[in-house]
Amino acid sequence: MKDIIIIGGGIIGCAVARELCRYQVDVTLLEKCGDVSLGTTKANSGIVHAGFDAKPNTLKAKFNLLGNAMFDNLAKQLDFPFKRNGAFVLCFDKDELDGLKDLYDRGVANGVEGLELMDGDRARQLEPHISDKVVGALYAKTSGIVSPYEMCIAYAENAAVNGCEFIFNKEVVDISKDGDKWKVKTKDGCEYRADVVINCAGVHADDINNMVCEEKINIVARKGEYMLYDKSCGNLASRTIFQMPSKMGKGVLVAPTTHGNLITGPTANDVDDKEGLFTTYDGLGEVYTKSLISVPSLNKRLVITQFSGLRAHSQGGDFIIGESCQKGFYNVAGIESPGLTSAPAIGVHVADEVADMLSLSKKENFVETRKGIPHFATMTDEERAELIKSNPLYGKIVCKCEVVTEGEIVDSINRPVGAKDVDGVKLRTRAGMGKCQSGFCMEKVVEIIARERGIAFDEVQKCDGGKIVFGKAKGGK
C-alpha cells in the first residue's frame, strides 16, 4: 500500500484527505495545531463566491466555478450548514458603473450563470437596508454562505471514518528524500515516511515548499479583521453585500451567516507576522466605517465579538497547484479567496492527480456520507422530545444563548476527530458563540470536557494551549 502525507488541516488539507480516501492508499494528515480548521479556515467570511471576480483563464476562476456547483450536494452528503442566498456588488458612483459592467462581463466569461445588472431602486427593493446612495448593483444568484469551520470538520470526520489518520501538534521542520521515500520530520522529533507529500500548509506553504525546492515561492500573509453582530441584526441583509473590489480584494462586505448573525469585514493588510491574529483599533474602525457605506443602520453596540484571519496570498496572484520540483512533492499553495469555494473541486482534482501518479485503485467500501451533531436549537418540539427520549443529556441546556445541550457537547468530544478543548467544542456545537461569549456556560463546558476525556478540571485548555483554570480560589476545595 502506498503512503501519503498531507501537511495542513485546513479546509484544503481536509478536502484533499477525504477525496484521497476514495482510493486504496494510507493517508496521514499532519497539523501543527491541536485541531483542524484553526488557520485561515476558522477566520473566514464564509462566502461561497459565484465566480465573477476571478480573472478568466486562471486556476481561481476554474476552481471557483467548479467548487460552487458542488456545494448543494456536498452539504447534504456531509451535513454542514450552507445556504445559496445570492450576493450583490454595490456601486455608489455613476462614473463607476462601467466597472460594474466589467465584473458582469468577467463573470459571463468565467461561465457564471444568472448574473444580473440592476439600478439602485431595484436593488433596494430586494435589500431594503442598503444605502440610498447605491446607483447600481450586480446580482449573483449562485453565491452562497457556509459555516467554514463546520464544513472543514465535516470533511475531516468523513476522511477519518474512511481511514485517514489525523496527527495533531506536529509542526513540520524538515523534509528530505530517503531513497524512493520522503522523510518528514516534526518539531517534537518524530519522523514520518511517505511516497507522496502534499503541501496544504496555508500561510506557511512557502516554508514547506522551500524545504524541498530550489525554486522558491513566497506566500504573503494578508490580514483581515472582522466584526460579528448579534442575531438581532440578522435581518439587515439577506444576501451577501459587497462593494466594488480593489486590487487588494473584494473589500468590506456585510453578510448574514448560516446561524443568523451578521458579519462585516475584512480589512486587507499584508503583514510579516504569520501568527499575529490580534485585532486593532484602526482595523476594526475601518471595518465599521466602510460597512456603514453599504448598510447605514448598522449599530456598533450590537457587535458581540471581533476577530482576524490571515489569507495566503501568492505573489503570482493565482493558486499554486501541482507536482513541484521533485516527483512526489505536490503543492496546493496560495489558496486565498475564493479558496473556500474552490476547496471541494481542488480536493477532487488533487486526489485524482495523485491517484494517477501512484496508479491507485478506488475503494469499494468508501463511506460517502456523514451525519452531523443534532442541533437542538433548530429542532421542532416533536424532534426535541424524540431526541431527549433517546438520550436525556439532550434535555440539559448548557449554553442558553445558542441553546446548546449537554448531549451535543458530549457528542462533539466523542466523534471522529473530536473536540479536545473548549474551542473545539465551540466550533462544533456553538457553545460560547452567543451574545455572552461563554460568560455563563464556560464552567459547565470545562466540566463536561474534563469528565469525558478523563482529565482534571484544570487540565482543560483553549485551542492554543491557553489555560482556563489557574487554581482554586482561597478556601476552595
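Below is a summary of the structure that appears in this document. Fair warning: this is a prediction, and the values are worked out from it, not measured in the lab.

**A few points about the side chain of Ser314**
- Examined against the element boundaries, Ser314 turns out to sit in strand E19 (residues 303–314).
- One polar contact links the side chain of Ser314 to the main-chain carbonyl oxygen of Asp318, over a distance of 2.8 Å.

**Focus: helix H1 (residues 11–20)**
- For H1, the buried fraction is high: 10 of the 10 residues fall into the buried class.
- Restricting attention to buried positions, one finds in H1 the residues Ile11, Ile12, Gly13, Cys14, Ala15, Val16, Ala17, Arg18, Glu19 and Leu20.

**Things to note about the environment of Pro416**
- Mapped onto the elements, Pro416 comes out in the loop between helix H10 (406–414) and helix H11 (422–429).
- With relative accessibility at 35%, the residue Pro416 sits in the partly exposed group.
- Sequence spacing of Pro416 and Leu65 is 351 residues, and the spatial spacing of their C-alpha atoms is 31 Å.
- Not counting residues up to four positions away in its chain, the partners in contact with Pro416 are Glu157, Ala160 and Val161.

**Concerning the sheet that holds strand E3 (residues 47–48)**
- The strand order across the open sheet built from three strands is E3-E8-E4, with neighbouring strands paired in antiparallel fashion. A single partner strand is all that each edge strand has here, and the edge strands are E3 and strand E4 (82–83).
- Where E3 and strand E8 (residues 144–146) come together, two bridges link them in antiparallel fashion. Bridge pairing links Val48 to Gly144 in E8.

**Focus: a negative patch on the surface**
- A grouping of Asp93, Asp95, Glu96, Asp98 and Asp102 is seen on the molecular surface, where their side chains present a negatively charged patch.
- Tracing the sequence through the fold places Asp93 in the loop between strand E5 (87–91) and helix H3 (97–110).
- Classification of Asp93 by relative accessible area gives partly exposed; the value is 33%.

**Observations regarding the environment of Arg430**
- Examined against the element boundaries, Arg430 turns out to sit in the loop between H11 and helix H12 (442–453).
- Considering only alpha carbons, one finds Arg430 and Gly136, 294 residues apart in sequence, at a separation of 37 Å.
- Setting aside its immediate chain neighbours within four residues, Arg430 contacts Tyr149, Lys231, His259, Asn261, Cys399, Glu402, Val404 and Val425.

**Describing the packing of H10 against H11**
- Relative orientation of the contacting elements H10 and H11 amounts to 115 degrees, with a least axis distance of 9 Å. Between H10 and H11, the angle falls in the class roughly perpendicular. Handedness of the crossing formed by H10 with H11: right-handed. Touching Glu408, Ile409, Ser412 and Ile413 of H10 are Val425, Arg428 and Thr429, all from H11.
- Broken down by class, the residue content of the contact of H10 with H11 amounts to three nonpolar, two polar and two charged.

Rules behind the numbers
Residues numbered from 1 in each chain as written. Predicted model: local features only at pLDDT ≥ 70, side-chain atom pairs only at ≥ 80, totals over all residues. Heavy atoms only, no water. Helix = DSSP H or I, 4+ residues; strand = E, 2+ residues; numbered from the N terminus. Polar contact = N/O pair within 3.5 Å; in protein donor to acceptor, adjacent residues only side chain to side chain. Buried < 20%, exposed > 50% of the residue type's maximum accessible area, 1.4 Å probe, protein only. Contact = heavy atoms within 4.5 Å. Pairing = 2+ DSSP bridges. Patch = residues over 30% accessible without salt bridge, like charges linked within 9 Å, V, L, I, M, F, W, Y side chains within 5 Å. Areas by Shrake-Rupley, 256 points an atom, 1.4 Å probe, with all protein chains shown as cover. Salt bridge = Lys/Arg side-chain N within 4 Å of Asp/Glu carboxyl O. Lys, Arg positive; Asp, Glu negative; His and termini not counted. Charge placed at Lys NZ, Arg CZ, Asp CG, Glu CD. Axes fitted to C-alpha atoms, helices over the stretch in contact; angles between N-to-C directions. Parallel < 35°, antiparallel > 145°, perpendicular 65-115°, else oblique. Left-handed = near helix turned anticlockwise from the far one by under 90°. Nonpolar A, V, L, I, M, F, W, Y, C, P; charged D, E, K, R; others polar.

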